[in-house]
Amino acid sequence: MDKRQRLGAGLSRRRFLYGSAVLGAGFLAAPALAQQVCRPTAGDILGPYYRFGSPFLAKLAGPEEAGERLVVSGTVLSEDCRTPIANALVEVWQANSTGQYDTQTPGNFTDKGNFHLRGMLYTDAQGRYRIETVMPGRYPVPPNLPGLEQYAGITRPAHIHFRVMESLHVPVTLQLYFAGDPYIAKDPWASAHPDSVIALEAEGEGRRGVFDIVLSRGV
Ligand SMILES: [Fe+2]
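These notes cover the structure that comes with them. (Residues numbered from 1 in each chain as written. Predicted model: local features only at pLDDT ≥ 70, side-chain atom pairs only at ≥ 80, totals over all residues. Heavy atoms only, no water.)

A few points about the state of the cysteines
Two cysteines, two sulfur atoms, one covalent bond between them: this is a disulfide. What counts is decided by this rule: Any cysteine sulfur atom paired with another within 2.5 Å is treated as part of a disulfide. Strands here are runs of E lasting at least two residues and helices are runs of H or I lasting at least four, both read from the DSSP assignment and numbered beginning at the N terminus. Three labels apply to residues, based on accessible area from a 1.4 Å probe with only protein chains included: buried if under 20% of the type maximum, exposed if over 50%, partly exposed otherwise in between.
Within this structure, the stated rule accounts for 1 disulfide. Covalently, Cys 38 is tied to Cys 81 through a disulfide, its sulfur atoms 2.1 Å apart. Taking the sign of the S-S torsion, about 95° here, the bridge from Cys 38 to Cys 81 comes out right-handed. Of the two residues, Cys 38 sits in the loop between α2 (30-36) and β1 (69-77) while Cys 81 sits in the loop between β1 and β2 (89-94), which places them 43 residues apart along the sequence. Judged by its relative accessible area of 14%, Cys 38 is buried.

Structure representation (structure tokens):
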């Protein structure tokens, strides 16, 4: 199959999936429909508090960290929503339980200071990842952020930032949100990314949730 044929096959598959979603809308309840739709996880802004070079670790928060314990796990999948992607790099960063990042300087991406509540890991042979952390706190969009002036003061719902990449797929940057957060509806980013909102369930003293991430093929 040459490149043109492969592109054609890809288009057909996407059209088929779109067609399935439209067909399903008439017959299936919303939760069942959501499970049937296969699409790459939508990307979102990087945000002002990203920093390059976070340490390799999956346990972002130790027992000394204030806040409710949270475990997020999932699988990174290729665009067929079935094939696991091993050795995908999963990078996460978040605010602490009071809504503070380890840097409060927007755009301080190359700062090499102490990293806190940030980490990166590779998915295992089955494409799985698992992070241990605490529930991130909400925080207001700071004033005078270039390009975000109109959103200053909006309370961001609790979220964890992700950046996921693998050599044969298109990297994605996104934010993970938690169902039931009353601040999702008025947040311009969370409200536009319903596929990045997961339900949490109680686990011991804390909560846990599953978030699978689908990457587009690069060719
Ligand atoms: Fe954030």
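Text resumes after the structure shown.
Section: empty space enclosed by the protein
Selection criterion: Grid points spaced at 1 Å and placed over the protein atoms alone form the basis of the search, with a cavity being a set where a 1.4 Å probe fits but cannot get out and a pocket an open set showing protein on both sides within 12 Å along at least five of seven lines. Lining residues have an atom within 4 Å of a point. Grid points are joined across faces, edges and corners, and a volume is the space filled by probe spheres set on the points. The classification used treats Ala, Val, Leu, Ile, Met, Phe, Trp, Tyr, Cys and Pro as nonpolar, Asp, Glu, Lys and Arg as charged, and all other residues, Gly among them, as polar.
Under the counting rule described, the total for this entry stands at 1 cavity of 30 Å³ or more. By volume, the largest cavity is sized at about 100 Å³. Ile 45, Pro 48, Tyr 139, Leu 148 and Arg 156 are the residues nearest the centre of the largest cavity, which is lined by 13 residues in total. Of the residues assigned to the lining of the largest cavity, the class counts are 9 nonpolar, 3 polar and 1 charged.

As for the coordination of the iron ion
Defined as follows: The rule for donors is simple: N, O or S, within 2.8 Å of the metal, or within 3.2 Å if the metal is Na, K or Ca. Water isn't counted, so a site may look like it is missing partners. Tetrahedral means four donors with every angle between 85 and 135 degrees, whereas square planar (four donors) and octahedral (six donors) require angles over 155 degrees between opposite donors and between 65 and 115 for all others; sites fitting neither are termed irregular.
Surrounding the iron ion are the protein donor atoms Tyr 101 (OH), Tyr 139 (OH), His 159 (NE2) and His 161 (NE2), which sit 1.9 to 2.1 Å from the metal. Here the iron ion binds 4 donor atoms, and the angle range of 94 to 153° at the metal identifies the geometry as irregular. Written as a sequence motif, the donor arrangement for the iron ion is Y-x37-Y-x19-H-x1-H. Of this pair, Tyr 101 sits in the loop between β2 and β3 (118-122) while His 159 sits in strand β7 (residues 159-165); the two residues are 58 residues apart in sequence, bridging distant segments of the chain.

Re the pairing of β3
Note the threshold: Any two strands with at least two DSSP-identified bridges between them are counted as paired.
In terms of burial, β3 is largely enclosed, as 4 of its 5 residues are buried. Alignment of β2 against β3, held across 5 bridges, turns out to be antiparallel. Paired with Val 90 across the strands is Leu 121, a residue of β3.

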